[in-house]
Amino acid sequence: MSDYYEKVKVQLEQMKSSGEGAEKEEASTEPDEALVSSPPASVSPFQTVHSSCPTAARQNGSKTAVTGRNRSKSRSKLGKDERNSSYKQESEYALHETLVAANANVGKPHNRIDNERQMLQIQGTGKILQGKTETNGNTVIPNQRPKETKGFSHNKEDGNKVVKRRKPVTVDTSKAKTSMEALKLSIRQLKWKEFPVGRRSACDIYWHGVSFHDNDNIVSGQVNKFPGMIEMLRKINLSRAVRTMQELFPEEYNFYPRSWILPEEYQLFSTQIRLAKDSDASLKPTFIVKPDGGSQGDGIYLIRDPSDLRVIAGSQTKQSVVQEYIHKPLLIDKLKFDIRLYVLVKSLEPLEIYIAKEGLSRFCTEPYQEPSQKNLSHVFMHLTNYSLNIQSGNFVHSNSLSSGSKRTFSSVLYRLASKGVDIKKVWSDIISLVIKTVIALVPELKVYYQADIPPGKPGPSCFQILGFDILLMKNLKPVLLEVNANPSMRIEHEQEVSPGVFEYVPSPVDEEVKVGVIRDTLRLMDPAQRKPPVSNPEQQQEEMSVEVGSPEQGPGEGGVLPSLCLKQVFPKYTKQFSYLRTVERITALFLRFLGVKGNMRLGPTGFRTFIRNCKLSNSNLSMASVDILYIDITRRWSGMLPESRESGMGLQAFVEAFFYLAQRRFKSLSLREQVVSLLEVCEAQLENQVGGGPGGPLAEDSTSSARRSVSCSRTQPGRTPHPHYASTTSQALLAPQLYSPAVQRRASSQDYRLHQRLRPPQTHKASVDN
Ligand code: ADP
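As the structure is a computational prediction, the values presented were derived from the model and not from experiment. (Residues numbered from 1 in each chain as written. Predicted model: local features only at pLDDT ≥ 70, side-chain atom pairs only at ≥ 80, totals over all residues. Heavy atoms only, no water.)

**Structural notes on the pairing of strand E20 (residues 492–498)**
Each regular strand carries side chains that alternate between the two faces of the sheet.
Line of reasoning, step 1. In terms of strand pairing, E20 meets strand E21 (residues 501–506) through six bridges, oriented antiparallel. Following the sheet pairing, Gln495 is matched in E21 by Glu503.
Line of reasoning, step 2. The hairpin formed by E20 and E21 contains two residues between the paired strands, and Gly500 there has a positive phi angle of roughly 85 degrees. (Pairing = 2+ DSSP bridges. Helix = DSSP H or I, 4+ residues; strand = E, 2+ residues; numbered from the N terminus.)

Given below as structure tokens:
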């Protein structure tokens, strides 16, 4: 056990003996509840987490009145994820007022937090987080550096002395929207320079509130959003990305509940559930239905049978995900809760991932019972969304970080640790879940990235803070619920101070967690500190955990700033996870043949060229079959992605085609082995070809094959085919003008048949052990 966990143990012992221990446990019949006890108000096993993500003092005077008239507007935005937010100018002004007041208080003591900090020091974590003093007695300030670094300027001071002073990092916050307040506090703490209305010349960092495209005129610096992240994290796309990984690595990806995409998989869903119920009459599964673009629990409902699906029964034809409902969650105080963890994707190439050591736990406001027909509609019992539960009369606002309806994750871990739970294991499972999820997302993100920021063209680089929503099952296994591209970074909440009058008041828990996350993200993105990640082979062997006791040395610390509250997990743990990056290798092939023209779909010529250059065509796979394969898969995917206006073969379709080709070529192996074997064939072939990509010999090949190529029709808007159940007979899909009878004859003589579904969802066995 590490020093850190030993420390936690010792502290627990000390607290018990000093009577500082947990609140009285509630009598409970639930085994989970016996497991956990309330923590003391101000102590957590992650003491250094609190102290490493200190809350900026700004408690007083930061109230903004909201009248009953504008209440609903404010409420709909308040503290919620901002995936689809359209920010209103008025609230921006209101926020600005708040910020002015808040900033005036920066530097003033924040009593509660300061008291806690004091206690942390007394309790001897050995970490004193106030300004450190150098041996020569000078306080080290963050913008002084021992060595000359890029971005530093030389100023003459005191006559002879040359003092090197760094130019402050510039941040364009004009599009920051509801992250504004936490962002301003962070920039202030770092002594960087903020440009709230933008800047004529380039800034080092651009902070967007919603999307990469909030400002499309950026050609340098760094933007805090990746192109395509919002799209990738919609519920259907996330489910698809994870499903692809489940097909290759079912065991590794069993942290995501079994899901079906509606309406296209309705038949499959109902058939599978009917068969399961027929074979076990006692089976009473519950499912949760989530609209694709939804957030904050909007439109979510529970069902016990496919026939209850409103999406099919009613007039609604909304795209949704229906998912196994985890009916045995871990409970605390008899309540279901989930965990919001902040994850920084610092770069895609090379892949760099950081996890915040502190997160939030959001509690339901009605005691949990396993789902029954009677309680299915009890949202305060089943859904942990803050935006829903705040509307319950039972919602508890607390100034403590370890009680109330929103608490720090560390306070929850404390309670678990106090009951003997191996929290190191819990952390390690969570880290693993996060890395695997990001690995599942990276392939498609790379396609978006190349389309928006083609290599060789001027453009910014990107990073992004993601909000992972994780549920702990009763057996402590973490389950991924969803990932938010725009997790709420609000640090205040709305409170009704008198009937009809609402105020924004600081939320200590949010501030504690979120300011640290933003500030430390900025520190990591400091342009003067950008250096390629080093993957230390010894570190790779390390057990995964959040070693809060050993500070991550981040950039810019001169002693005033605490150690980073973000922990690097990738490339740190590359060794354990690199084998999962198979789809990324397929993506590299896709991108190579896609070229750099800013499109995201591979045309028939590109696909043919891929087959030719990788020498995949042979007596078993004619080029005619290749064309049919292309058309069949591309059309089906176009139907599944009706909103896409670009025609051609997208990455998901290409991956499906690749799996099909691999299965066909290497019959006796497992899918994973088949895919890796085919990758090796392709990579070896391309390695032998100088300039095999677009522009090389390939270009010539493309030109000639273009004459023979098939074209792919644009997606018909409004078409909602059910590709799984529609006939996918290749003949039916052939465009007569493009296929001569000779081609068709050749195709049928090869006995070319596509699987009805080349990647059938029923083959993925991964399902959460519920
Ligand atoms: P939204 O984006 O609308 O918040 P989520 O996927 O986060 O959608 O689901 C909302 C809430 O529903 C979650 O916070 C969680 O409490 C609950 N929930 C979601 N999926 C499941 C599941 N598979 N099993 C149990 N509870 C779930």
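There is more to say after this.
**A word on the nonpolar core**
Line of reasoning, step 1. In this structure, Phe468, Phe607 and Phe610 are the most contacted members of the largest nonpolar core, which totals 115 residues.
Line of reasoning, step 2. Residues in contact with Phe468, not counting those within four places in the same chain, are Ile339, Arg340, Leu341, Val343, Leu433, Val434, Thr437, Val438, Leu480, Glu482 and Val483.
Line of reasoning, step 3. By size, the runner-up hydrophobic cluster in this structure holds 33 residues, among which are Ile187, Leu360, Leu401 and Val515. (Core = buried A, V, L, I, M, F, W, Y, C linked by side-chain atoms within 4.5 Å. Buried < 20%, exposed > 50% of the residue type's maximum accessible area, 1.4 Å probe, protein only. Contact = heavy atoms within 4.5 Å.)

**Brief notes about the site of the ligand**
Line of reasoning, step 1. Taken together, 23 residues sit near the ligand, with Lys290, Gly297, Thr384, Asn385 and Glu482 positioned nearest.
Line of reasoning, step 2. Take Asp338: an N or O atom from its side chain is 3.4 Å from an oxygen atom of the ligand.
Line of reasoning, step 3. Glu482 is positioned such that a nitrogen or oxygen atom in its side chain is 2.5 Å from an oxygen atom of the ligand.
Line of reasoning, step 4. Alone, the ligand offers 540 Å² of accessible surface; in the complex the protein occludes 99% of this. (Near = heavy atom within 4 Å. Polar contact = N/O pair within 3.5 Å; in protein donor to acceptor, adjacent residues only side chain to side chain. Areas by Shrake-Rupley, 256 points an atom, 1.4 Å probe, with all protein chains shown as cover.)

**Quick notes on the pattern of salt bridges**
Line of reasoning, step 1. Here the structure, examined in full by the defined rule, presents 25 salt bridges.
Line of reasoning, step 2. For Asp292, the salt bridge identified is with Arg234, shortest N-O distance 3.1 Å. Residue Asp292 is found in the loop between strand E9 (287–291) and strand E10 (301–303), and its partner Arg234 is found in the loop between helix H8 (229–232) and helix H9 (235–248); the two are separated by 58 residues along the sequence.
Line of reasoning, step 3. You can call Asp292 buried: its relative accessible area is 8%.
Line of reasoning, step 4. Residue Arg234 is classed as partly exposed on the basis of its relative accessible area of 32%.
Line of reasoning, step 5. When the shortest N-O distance is used, the salt bridge between Lys277 and Asp305 registers 2.8 Å. One end of the pair, Lys277, is in helix H10 (residues 266–279); the other, Asp305, is in the loop between E10 and helix H11 (310–313), and 28 residues separate them in sequence.
Line of reasoning, step 6. Owing to a relative accessible area of 26%, Asp305 belongs among the partly exposed residues under this scheme.
Line of reasoning, step 7. Each of the salt bridges in this network shares a partner with another, and the network as a whole consists of Asp338, Arg340, Arg362 and Asp469. (Salt bridge = Lys/Arg side-chain N within 4 Å of Asp/Glu carboxyl O.)

**Re the sheet that holds strand E8 (residues 259–262)**
Remark on secondary structure: sheet strands pair via backbone hydrogen bonds, oriented parallel or antiparallel.
Line of reasoning, step 1. Taking strand neighbours across the sheet as the criterion, the four strands line up as E8-E11-E9-E10 in an open arrangement whose pairing is antiparallel. The outermost strands of the open sheet, each flanked by one partner alone, are E8 and E10. Taken pair by pair, the neighbouring strands of this sheet meet at an average axis angle of 25 degrees, ignoring direction.
Line of reasoning, step 2. In this sheet, strand E11 (residues 320–324) lies alongside E8 in antiparallel orientation, the contact comprising four bridges. In the strand pairing of E11, Ser259 is matched with Gln323.
Line of reasoning, step 3. Along the sheet, H9 contacts E8, E9 and E11; its crossing angle with E8, the most-contacted strand, is approximately 135 degrees.
Line of reasoning, step 4. With respect to the sheet, H10 is in contact with E8, E9, E10 and E11, its orientation differing from that of E8 by roughly 140 degrees. (Axes fitted to C-alpha atoms, helices over the stretch in contact; angles between N-to-C directions.)

**Some words on the packing of aromatic side chains**
Line of reasoning, step 1. In the structure shown here, the tally under the stated rule is 18 aromatic pairs.
Line of reasoning, step 2. Centre to centre, the rings of Phe590 and Phe654 are 5.2 Å apart; their planes meet at 55 degrees, and the pair counts as tilted. Within this pair, whereas Phe590 is found in helix H19 (residues 582–594), its partner Phe654 is found in helix H22 (residues 651–665), the two being separated by 64 residues in sequence. Each member of the pair Phe590 and Phe654 is classed as buried.
Line of reasoning, step 3. One aromatic cluster is present, formed by Phe590, Phe593, Phe607, Phe610, Tyr630, Phe654 and Phe658 through successive ring pairs.
Line of reasoning, step 4. In this structure, Lys406 packs its charged tip against the face of Tyr386, placed 4.0 Å from the ring centre.
Line of reasoning, step 5. Its guanidinium or amino end placed over the ring of Phe363, Arg407 lies 4.0 Å from that ring's centre, counting from NZ or CZ. (Phe/Tyr/Trp six-rings, centres within 6.5 Å; stacked < 30°, edge-to-face > 60°. Lys NZ or Arg CZ within 6 Å of the ring centre and 35° of its normal.)

**Examining the packing of H19 against helix H23 (residues 671–688)**
Line of reasoning, step 1. Where H19 meets H23, the axes come as close as 10 Å, and the angle between the chain directions of the two elements is 40 degrees. The crossing of H19 and H23 is left-handed. Two secondary-structure elements touch here, H19 through Thr582, Arg585, Ile586, Leu589, Arg592 and Phe593 and H23 through Val675, Val676, Leu679, Glu680, Cys682, Glu683 and Leu686.
Line of reasoning, step 2. Looking at the contact of H19 with H23 residue by residue, the class counts come to eight nonpolar, one polar and four charged. (Left-handed = near helix turned anticlockwise from the far one by under 90°. Nonpolar A, V, L, I, M, F, W, Y, C, P; charged D, E, K, R; others polar.)

**Here we look at the state of the cysteines**
Line of reasoning, step 1. Inspection of every chain in the model, using the stated rule, returns zero disulfides.
Line of reasoning, step 2. Between Cys614, a free cysteine, and Cys682, which holds the nearest cysteine sulfur, the sulfur-to-sulfur gap is 3.8 Å.
Line of reasoning, step 3. Residue Cys614 is classed as buried on the basis of its relative accessible area, which comes to 0%.
Line of reasoning, step 4. For Cys682, a relative accessible area of 0% translates into the label buried. (Disulfide = S-S within 2.5 Å.)

**Looking at the environment of Leu466**
Line of reasoning, step 1. With respect to the element layout, Leu466 can be found in strand E18 (residues 464–472).
Line of reasoning, step 2. Here Leu466 falls in the buried class, since its relative accessible area comes to 0%.
Line of reasoning, step 3. Apart from the residues within four sequence positions on either side, Leu466 is in contact with Met229, Leu233, Leu341, Tyr342, Val343, Val345, Val483, Asn484, Ala485 and Pro487.

**Re the sheet that holds strand E7 (residues 222–223)**
Line of reasoning, step 1. Strand order in this open sheet of five strands is E5-E4-E6-E7-E17, and the pairing throughout is parallel. Sheet topology places strand E5 (193–195) and strand E17 (461–462) at the edges, where each strand pairs with a single neighbour.
Line of reasoning, step 2. Across three bridges, the pairing between strand E4 (residues 170–175) and E5 is parallel. Within E5, the residue paired with Asp172 across the bridge is Phe195.
Line of reasoning, step 3. Against the sheet, helix H16 (residues 508–525) engages strand E6 (205–208) and E7, with an angle of about 150 degrees to E6.

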